Amino acid sequence: MIFQVRTDNHIKNSAEFTESIRADVEAAIGTRFGGRLRRVEVYLEDVNAEKGGVDTRCSIEMHLAGRPAVTAEDRAPDAETAVSGAVEKVLRAIERQLGRQDDRAGHASASGNDES
């Protein structure tokens, strides 16, 4: 799996920071999609720079094998919280996407009713 963390010039990026983000992301997604995951890109931006506030934006792009890329973003006061929120959102988006695929394949609906 390819894993990239990119930051703007207001967020200091380092090997330790990247590994911390990678560990958080892999812990959240590894059990569900680990074998199908091909690439994860994390983009962090400090929107207001020195002004402070809820200004750290995290965008995550995930690529599963055989599927189009799925993206999500979240804003929070710090990078770790923004990453966590974006991971939750992208996981919901992937699950919705895969759920729709299952519905077309003739599996049970999301409501649990058998449509046979």
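Quick note: structure is the one above.
The residue numbering used here restarts from 1 in each chain and proceeds along that chain's sequence as written. For this predicted model, a pLDDT threshold of at least 70 governs which residues receive local features, and a threshold of 80 or more governs which side-chain atom pairs are given and counted, while totals over whole chains, interfaces and linings are taken from all residues. Side-chain figures throughout are based on the complete set of non-hydrogen atoms in the structure, without hydrogens or water.

Colleague: What exactly am I supposed to notice about the pattern of salt bridges here?
Modeller: Between side chains of opposite charge, pairing is possible as soon as their charged atoms come close. Note on definitions: salt bridges are taken to be side-chain nitrogens of Lys or Arg within 4 Å of carboxyl oxygens of Asp or Glu. Counted according to the given criterion, the structure contains six salt bridges. The residue R39 makes a salt bridge to E41 at a minimum N-O spacing of 2.7 Å. Residue K89 is joined to D74 by a salt bridge in which the shortest nitrogen-to-oxygen separation is 3.1 Å. In this pair, K89 sits in helix α2 (residues 79–104) while D74 sits in strand β4 (residues 70–76), placing the two residues 15 residues apart along the sequence. Think of it in three bands: with a 1.4 Å probe and only protein chains considered, a residue is buried below 20% of the maximum accessible area for its type, exposed above 50%, and partly exposed in between. On the basis of relative accessibility, which here comes to 33%, the residue K89 falls in the partly exposed class. For D74, a relative accessible area of 16% translates into the label buried. Through salt bridges with shared partners, a single network forms among E45, R57, E73 and R75. Helix and strand definitions follow DSSP, with helices as H or I runs of at least four residues and strands as E runs of at least two, each counted in order from the N terminus.

Colleague: Got a minute to help me understand the sheet that holds β4 in this structure?
Modeller: Think of a sheet as strands paired side by side through backbone hydrogen bonds, with each pair either parallel or antiparallel. Read from one edge to the other, the open sheet built from four strands follows the order β1-β2-β3-β4, with strand pairing classed as mixed. Among the strands making up the open sheet, the edge pair consists of β1 (2–7) and β4. In this sheet, neighbouring strand axes are inclined to one another by 15° on average, regardless of whether the strands run parallel or antiparallel. Residues count as neighbours in contact if any of their non-hydrogen atoms are within 4.5 Å of one another. For helices, the fitted axis covers only the stretch in contact; all axes are lines through C-alpha atoms, and the angles between them, taken along N-to-C directions, range from 0 to 180 degrees. Here helix α1 (residues 15–33) sits on the sheet and contacts β1, β2 (37–46) and β3 (56–64); the angle it forms with β1, its principal contact strand, is near 135°. A pair of strands is labelled paired if DSSP reports no fewer than 2 bridges between them.

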